[in-house]
Amino acid sequence: MAKTLACIVTDPVGLYATPATNLIEVAKTFDSDFTLTYSGKTVNLKSMMGVLSLGIPTKAKIVITADGEDEETGIKAVHEKMKELGIIG
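Residues numbered from 1 in each chain as written. Predicted model: local features only at pLDDT ≥ 70, side-chain atom pairs only at ≥ 80, totals over all residues. Heavy atoms only, no water.

A. Summary view of the overall build of the protein. A tally of regular secondary structure across the protein gives three helices and four strands. Ordered by position in the sequence, the α and β elements of the protein form the string β-α-β-β-α-β-α. For 89 residues, the compact-globule estimate of 2.2 N^0.38 gives 12 Å, and the C-alpha radius of gyration of the protein, at 11 Å, lies within 12% of that figure. Principal axes of the C-alpha set define a box for the protein whose edges measure 35 × 25 × 20 Å. Taken across its 89 residues, the protein has 42% of its residues classed as buried. Contacts spanning at least 24 positions in sequence make up 69% of the contacts within the protein whose residues lie at least 6 apart. Total accessible area on the protein is roughly 4,800 Å²; 54% of this is exposed by carbon and sulfur atoms. (Helix = DSSP H or I, 4+ residues; strand = E, 2+ residues; numbered from the N terminus. Rg over C-alpha atoms; globule rule 2.2 N^0.38 Å. Buried < 20%, exposed > 50% of the residue type's maximum accessible area, 1.4 Å probe, protein only. Contact = heavy atoms within 4.5 Å. Areas by Shrake-Rupley, 256 points an atom, 1.4 Å probe, with all protein chains shown as cover.)

B. Up close: the packing of aromatic side chains. Within this structure, the stated rule accounts for one aromatic pair. Here the aromatic rings of Phe30 and Phe34 are separated by 6.2 Å at their centres, their planes lie at 55°, and the arrangement is tilted. Both residues of the pair, Phe30 and Phe34, count as buried. (Phe/Tyr/Trp six-rings, centres within 6.5 Å; stacked < 30°, edge-to-face > 60°.)

C. Main features of helix α1 (residues 17-28). Relative to the 16 Å expected for 12 residues at 1.5 Å per residue, α1 spans 16 Å between its end C-alpha atoms, a close match to the ideal helical length. Within α1 the residues assigned to the buried category are Pro19, Ala20, Leu23, Ile24, Val26 and Ala27. In an axial view of α1, the angular spread of the buried residues amounts to 160°, which keeps them on one side of the axis. For α1, the exposed residues set more than 90 degrees away from the buried face come down to Thr18 and Lys28. On its buried side, α1 packs onto β2 (33-38), α2 (48-53) and α3 (71-85). (Expected span 1.5 Å × (residues − 1). Arc of directions from axis to C-beta.)

D. Expanded view of the sheet that holds strand β4 (residues 61-67). The antiparallel open sheet is built from four strands, whose spatial order is β1-β4-β2-β3. Looking along the sheet, the strands with just one partner apiece sit at the ends: β1 (3-8) and β3 (41-44). When the angles between neighbouring strand axes are averaged without regard to direction, this sheet yields 20°. Pairing of β2 with β3, which is carried by four bridges, proceeds in the antiparallel orientation. Looking at β3, one finds that Tyr38 is bridged to Lys41. (Pairing = 2+ DSSP bridges. Axes fitted to C-alpha atoms, helices over the stretch in contact; angles between N-to-C directions.)

E. Structural context of the nonpolar core. Of all hydrophobic cores here, the largest spans 27 residues; its most connected members are Leu36, Ile56 and Met82. Those elements that place two or more of their residues in this core are β1, α1, β2, β4 and α3. Looking at which element gives the most residues to this core, the answer is α1, with five residues. (Core = buried A, V, L, I, M, F, W, Y, C linked by side-chain atoms within 4.5 Å.)

In short, the description is geometric, and any link to function would need to be established separately.
Spelled out as C-alpha cells, the structure:
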C-alpha cells in the first residue's frame, strides 16, 4: 500500500532547483515509485523537469507518494531531507 506525505512548503522561495535536486537524489536511491502532486498535477519525483514544471511556491500544499517495496523507508528519507533543507517546517 502506498505511503503518502502531505505538507506545506515553508521555504520563502518555494521548491526551487537546488532543494529539488536534493530531493530527487534521495528518491532515486529507492526502488519505489515517487510522485509529487501540487495543484491537481502529479509528476515523477525522480524527474527534475517534472518537479520544476510545477512551479511550487511558498505556502503551497504538496503531496508526495511512495509506492513500492521500500516505500516506508523511502517516504521517511524524503521527509527528513525536506526538513533538513528547510523546505517544510
